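# Residue-level structure breakdown
Letter by letter, the chains look like this.
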Amino acid sequence: MKKIIKKQKQAKETNRTLIWKGFFIASLMFYIFQNVFCFAGEGAGTTAFNFLKIGAGARPVGMGEAYSALADDINAIYWNPAGLGHITEREVTASYLSYVAGINSGYFGYALPLVKGSLGVGVVYLDYGQIQETTLDDPDGVNLGCYRPYDLAVIAAYGCEVAGGLNVGINMKGVHEDIQGYTANAIAFDIGTLYDLPANDLTLACSVKNFGLQTKAFIKEKHDLPLMLDIGLGYSLLADALKIGLNLYQPQGGDFNFNIGGEYCWNKLVSLRMGYKSIGKDLKTGSDKDSFTGLSVGLGVNMKMYQLDYAFVPFNELGNTHRLSFGLKWGKNDVAFGKEKRKVSKQKVSKKKKVVKKQKINKKKRTVKKETVSKKKKIVRKKKINKKKESVKKQMVSKKKKVVKKQKIKNKKVSKKNKNKKEIGVEFYQNGKKYAKQKKYQIAIKEYRGALKRGHKTAELYAGMGYCYYKLGNKKAAKSLYKRALAMDPDNKRIKKNLKKMSKKGKIKNNKKVVDKWRNL
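An account of the accompanying structure is given in this report. Numbering of residues starts from 1 in every chain and runs along the sequence as written. Confidence filtering applies because this is a predicted model: local features only for residues at pLDDT of at least 70, side-chain atom pairs given and counted only at 80 or more, and all residues used for totals across whole chains, interfaces and linings. Water and hydrogen atoms play no part in the side-chain values, which are based on all heavy atoms of the structure.

### Notes on the pairing of strand 11 (residues 242-251)
The pairing criterion is simple: DSSP has to find at least two bridges between the two strands. Secondary structure follows DSSP: runs of H or I at least 4 residues long count as helices, runs of E at least 2 residues long count as strands, and numbering of each begins at the N terminus. Where strand 10 (residues 228-237) lies against strand 11, 10 bridges are found, and the strand directions are antiparallel. Residue pairing across strands places Leu 237 opposite Leu 242, the latter belonging to strand 11. Count of turn residues in the strand 10/strand 11 antiparallel hairpin: 4 residues, of which Leu 238 carries a positive phi of about 55°. Connecting strand 11 to the antiparallel partner strand 12 (residues 257-266) that follows it, the hairpin turn spans 5 residues, and Gly 253 within it adopts a positive phi of roughly 75°.

What follows is the structure, given as structure tokens:
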């Protein structure tokens, strides 16, 4: 019990230290964000490349984008690169977004596990559709034609586990925008951390997104990127079947907002998702659709190595958005390179050695068992042989005794026929005495009874017969016989002494019923 209590105390202390470490990391990231990266003079709405704020992937969006602390799949490339440290198999995903105002977007990602951590590659594409070109001279643009602006971001990411439960990741984005032949480029980075507390089923996340600079402007003026600080908390329940996420984030020049959402996976087959974004309050217009602003719902289906996800997000009067993602996973636990393959081979060799050792031990045990079984069998055989010999000897002895007895009986019968009854009764009495001295009490009783039948009734005979019954353990018969003997010879001191010994109180009481029984003998 003391050891168990110590272990529980140690586990609580480690959990506390882990939680404090997580909060320390989050506060450090926030301090760096506030003092180094923010806020260089421009207000909200003045940043460039705002398409980077649009979420990628149907699963995170269906959870209300409260995903940075729950990132454990290929979507971590976009949301929190530290989550790539949890990937153990190759993953590919392709996503399509039907956005508002005829805007469409696509996302492609690929993740590859390494010896330590995982690499990820992603592409985000946003198509604004055809737009009618206009000028001041021709505001309708009848003869000017159309143009098709688009945004593109290419992402390379890496994430791994640095210490016990602490994952760190980074991604680099090459960003490009094109509007009617005018282009702008930028380089951006996301730096993320993810801290697991398995004892409490908690995960803490902190990341800085879109930290970088614009390398080329459309004409002359350059703008800042949509820099953002994101702090997340994840909680798993019901053996990871239910996951709940909470995100606090602050964009450059803006206020803190929050996202909250969750996912419930039934039988590892169907996932139901729902979330809410506090920024949805900015979309309220006083219409009947205001109650749905900020909400999102999603559905996922898992089929072994395939995954299909859908997300629906309403945007009030602007319309509704639909996201559809398809994912593929393969090569579980056998996609590592270099040292990882060596580890696998070493594990196989060690397993083979263990199997060989077990086989040797089993063989030894079997041989020992066989030897012990054979020894036991030999002992049993010897015992059986000895028993047979003893039984044979006993049978021979018993046969000899029977023959001798038969001869004696025959001799007795012949002698008894030639003599009178009284003489025969005296002989029975004397034989009874002899057998009593030899401690053959049952034979002596038979002889005494023979004497009684032939009319030889004396006090000594009843006393001798009572003595034989006493030795055989029949005290009632012995007492009655001694009383009968005392009745015939009341002055016999020896009979009195023996009767007193057998009686509890030492008094002699003649039981007439018992005496009468023995008179008939």
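Having seen it, we continue.
### Brief notes about the nonpolar core
The nonpolar core is taken to be a set of buried Ala, Val, Leu, Ile, Met, Phe, Trp, Tyr and Cys residues, with the residues joined through side-chain atoms within 4.5 Å. When a residue's accessible area, from a 1.4 Å probe over protein chains only, is under 20% of the maximum for its type it is buried; when over 50% it is exposed; and in between it is partly exposed. Counting 38 residues, the largest nonpolar core has Phe 49, Phe 51, Ile 77, Tyr 78, Tyr 99 and Val 124 as the members making the most contacts within it. Those elements giving two or more residues to this core turn out to be helix 2 (58-62), helix 3 (76-79), strand 2 (104-113), strand 3 (118-127), strand 6 (150-163), strand 8 (182-197) and strand 15 (306-314). Among the elements that take part in this core, helix 3 stands out by supplying 4 residues, more than any other. Any two residues having at least one pair of non-hydrogen atoms within 4.5 Å are treated as being in contact. Look past the residues within four positions of Ile 77 in its chain and what remains in contact with it is Leu 84, Tyr 107, Tyr 110, Gly 120, Val 121, Gly 122, Ile 155, Ala 157 and Asn 171.

### Some remarks on helix 8 (residues 475-488)
For helix 8, spanning 14 residues, the distance from its first C-alpha to its last is 20 Å, which sits close to the expected 20 Å at 1.5 Å a residue. Listed as buried for helix 8 are Ala 477, Ala 478, Ser 480, Leu 481, Tyr 482, Lys 483, Arg 484, Ala 485 and Leu 486. Polar contact is the term for a pair of N or O atoms within 3.5 Å; when the atoms are in protein, one must be able to donate a hydrogen and the other to accept it, and sequence-neighboring residues count only if both atoms are side-chain atoms. Regarding helix 8, its N-cap is Asn 474, as a side-chain oxygen of that residue lies 3.4 Å from the backbone nitrogen of Ala 477 further along. The length a helix should cover is 1.5 Å for every residue beyond the first.

### Regarding the pairing of strand 3
Note on strand geometry: in a regular strand, side chains alternate between the two faces of the sheet. Here strand 2 pairs with strand 3 via 10 bridges, running antiparallel. Looking at strand 3, one finds that Ser 105 is bridged to Leu 126. Linkage of strand 2 to strand 3, two consecutive antiparallel strands, is achieved through a turn of 4 residues, within which Gly 117 is found at a positive phi near 85°. Pairing analysis gives 10 bridges linking strand 3 to strand 6, with the strands arranged antiparallel. Paired with Val 121 across the two strands is Ala 156, which belongs to strand 6.

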